[in-house]
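Reading the structure
One-letter residues, chain by chain:
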Amino acid sequence: MADAPSPSEIAASESPGPQRAITRTTGSLSRRMIVIAAVWITVLLTGGGYALDRVLTNAVTRSFDDQLEYVLTALIASAEIGPDKEVIFNREPADQRFLEAYSGLYWQVSGKQSEDFPSRSLWDRRLRYGGNHQDLRIHIYDSDQFPEEKLRVVERDARLPGSPVRWRFQVAGSRVGLDEQIRALRQTLLISFALLALGLIGMAGLQVYYGLSPLRRLREEIAKMRAGESRQIDRAMPVEVAPMVEELNGLIAHNERQAEEARRHAGNLAHALKTPLTVIMNAATANADDLGPTVIREATTMRRQVDHHLARARAVGRRGNAHSRADVWPSLESVERAVGRLYSHVRFDLDGPKDLKAHVERQDLDEMLGNLIENAAKYGGGSVFVTVKAQAGFVEFLVEDDGQGIPESERLRLFDRGARLDTGKPGTGLGLAIVRDVAEIYEGTVSLEESEDLGGLLVRLRLPAAS
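Keep in mind the model is a prediction, meaning the values are calculated, not measured. Starting from 1, residues in each chain are numbered consecutively following that chain's sequence as written. Per-residue local features of the predicted model are confined to residues with pLDDT of at least 70, and side-chain atom pairs are confined, for both listing and counting, to 80 or more; whole-chain, interface and lining totals are unaffected and use all residues. The basis for every side-chain value is the complete set of heavy atoms in the structure, and neither hydrogens nor water enter the calculation.

**So, the sheet that holds strand S14 (residues 457-464)**
Through backbone hydrogen bonds, the strands of a sheet pair up, either in parallel or in antiparallel fashion. For clarity, the cut-off: A pair of strands is considered paired only if DSSP assigns at least 2 bridges between the two. Secondary structure follows DSSP: runs of H or I at least 4 residues long count as helices, runs of E at least 2 residues long count as strands, and numbering of each begins at the N terminus. Orientation is described by lines fitted to C-alpha atoms, with helices fitted over the stretch in contact, and by angles between N-to-C directions that extend from 0 to 180 degrees. Any pair of residues with heavy atoms lying within 4.5 Å of one another is described as a contacting pair.
Judged by pairing direction, the sheet is mixed, and its five strands sit side by side in the order S9-S11-S12-S14-S13 without closing on themselves. The sheet is open, and its two edges are formed by strand S9 (347-351) and strand S13 (445-450), each paired on a single side. Within this sheet the neighbouring strands show an average axis-to-axis angle of 15°, counted without direction. Sheet topology places S13 next to S14; six bridges connect them, and they run antiparallel. When the bridges of S14 are listed, Val 446 appears paired with Leu 461. Here helix H7 (residues 328-342) sits on the sheet and contacts S9, strand S11 (383-391) and strand S12 (394-401); the angle it forms with S9, its principal contact strand, is near 180°.

**What to know about the pattern of salt bridges**
Threshold: Think of a salt bridge as a Lys or Arg side-chain nitrogen and an Asp or Glu carboxyl oxygen that are within 4 Å of each other. Each residue is placed in one exposure class: buried if its accessible area under a 1.4 Å probe, protein chains only, is under 20% of its type's maximum, exposed if it is over 50%, and partly exposed if it falls in between.
Applying the stated rule across the entire model yields 25 salt bridges. Between Arg 125 and Glu 148 there is a salt bridge, with its nearest N and O atoms 2.7 Å apart. With Arg 125 in the loop between strand S4 (117-118) and strand S5 (139-146) and Glu 148 in the loop between S5 and strand S6 (149-159), this pair connects stretches of sequence that are 23 residues apart. A relative accessible area of 13% places Arg 125 in the buried class. Across the pair Lys 357 and Asp 327 runs a salt bridge, and its minimum N-O distance is 2.3 Å. Of this pair, Lys 357 sits in strand S10 (residues 357-358) while Asp 327 sits in strand S8 (residues 326-327), and the two are 30 residues apart along the sequence. Judged by its relative accessible area of 30%, Lys 357 falls in the partly exposed class. A residue is classified by how much of its surface remains accessible, and Asp 327, at 35% relative accessible area, is partly exposed. In this structure, a network of salt bridges that share partners links the residues Asp 65, Asp 142, Arg 152, Arg 175 and Asp 179.

**As for unusual backbone geometry**
The backbone of Tyr 102 sits at a positive phi, close to 55°, despite the residue not being glycine. Following the sequence through the fold, Tyr 102 ends up in the loop between strand S2 (87-89) and strand S3 (105-111). A relative accessible area of 41% means that Tyr 102 is categorised as partly exposed. Even without glycine at this site, Glu 443 takes up a positive phi of about 60°. Along the chain, Glu 443 falls in the loop between helix H10 (431-441) and S13.

**Some remarks on the pairing of S3**
Of all seven residues that make up S3, seven are buried, and the element is covered over most of its length. Every second residue of S3 is oriented toward a common face, with Leu 105, Trp 107, Val 109 and Gly 111 on one face and Tyr 106, Gln 108 and Ser 110 on the other, all of them buried. By the bridge criterion, seven bridges tie S3 to strand S7 (residues 166-174) in an arrangement that is antiparallel. Each bridged residue has a counterpart across the sheet, and for Gly 111 the counterpart in S7 is Trp 167.

**Details of helix H4 (residues 213-226)**
The criterion, for reference: A helix is expected to reach a length of 1.5 Å times the quantity of its residues less one. This arc corresponds to the set of directions leading from the helix axis out to the C-beta atoms.
Between its first and last C-alpha, H4 extends 20 Å over 14 residues, near the 20 Å set by a 1.5 Å rise per residue. Listed in full, the buried residues belonging to H4 are Ser 213, Pro 214, Leu 218, Glu 221 and Met 225. One side of H4 holds all its buried residues, which, seen down the axis, span an arc of 145°. Residues of H4 that are exposed and point more than 90 degrees away from the buried face comprise Arg 219 and Arg 226. Immediately downstream of H4, the backbone of Gly 228 shows phi near 85°, a positive value.

**Let's talk about the packing of H7 against helix H8 (residues 362-379)**
Note the following rule: For classification, angles of less than 35 degrees are called roughly parallel, those exceeding 145 degrees roughly antiparallel, those between 65 and 115 degrees roughly perpendicular, and all remaining angles oblique. Should the near helix be turned counterclockwise from the far one by less than a right angle, the crossing is left-handed, whereas a clockwise turn marks it as right-handed. For this classification, the nonpolar set comprises Ala, Val, Leu, Ile, Met, Phe, Trp, Tyr, Cys and Pro, the charged set comprises Asp, Glu, Lys and Arg, and every other residue, Gly included, is treated as polar.
Across the interface, H7 lies against H8 with an axial gap of 9 Å and an inter-helix angle of 45°. In terms of orientation, H7 lies oblique with respect to H8. Two packed elements cross with a definite hand, and for H7 against H8 that hand is right-handed. Contact with H7, carried on its side by Val 328, Pro 330, Ser 331, Leu 332, Ser 334, Val 335 and Val 339, involves Arg 362, Leu 365, Asp 366, Leu 369, Gly 370, Ile 373, Glu 374 and Ala 377 of H8 and no other residues of that element. Partitioned by chemical class, the residues of the contact of H7 with H8 number nine nonpolar, three polar and three charged.

Have a look at this one:
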């Protein structure tokens, strides 16, 4: 009978596959831009249309008033007092409408306690005479004294030669023609400004559509990358979008490097664990007498390999953080205290500015310095001198000891995993390899030299400085 599936296999078979995350949105950017443009265009055109309407309406009304004022001035200039104390004109107004009843153009001369002298066009109607005030200057106003006809009235008081009475001269014109002109003017303005608003909003819509087209092309390029049709965005973009495309390409390249490094680490770890596992399997299968020591020895080898690759994996994962920064001096002091407890007979000297910052994670900096200072304390003669300084955009660490040093021909080999020159002291042989790998991940370097002051080994570690 076939083996029953395990609970983990059942859970894996029943769990739904990976689903695409739903992106939260805040509305359409195109709609937002078009609405803002439409509102702003409407406000501007409304304000401009109102101002233009006021200017044109006042201009038409002023022209109408000027005609009435001209007639009023002509009336006053031609007025005289007749033999019966009546007002007569030595030159009658030339406009024929003054002779037609209810023609829409009227004049009237009035005085206190005197008979009114109207134009024939008034017929049986009279213009209202407000004798309680004086119009020494021309007075213009609208009047609704005739219910069926609104008037525009121009009046002025004048004293005629030989008459003790102050006469009021009035000229009135119907507002029908004036209101028709203003109505036609406003209708023209409304239609013109409405068409202008529609045109401007349409132009804004075209501008938004054309202006945002690079974002649509960018989306198409990203979809191609998601489908595996391309590895990066190669299409030319406007200068405003190009920096974002460069950053996106850089992010994609960074992720690909991380994925490639992860695959390489996994392969290296699998290869490194294969041999110890084979040794253990062979010993266990053969029931070897030294099975216990063999398992312990090979398990120790596997543990240091796992530690090495985990250190690299952690550094690779944290490298992409643009805000990675670590205070150098606190890290040095912390490592010096920790190593000093293990090697109490060793004298440590730290020197350098205390305000330097390195562009690395604090945990990785502690691990690198810990490996270097511990090696100096372990293989030195009792003195360790650590100098830190800033140099050309980097923070440089010099770790020196007073040991026997390492021949130049053997220095490069020490960076190989598991390489050790002194097998009489405990260790895994991975310390310098870890330091080199982590430093390279942060675009730093590490090298081995000879100490001129102490005579032993000098390790020079350079890491990018944090701005």
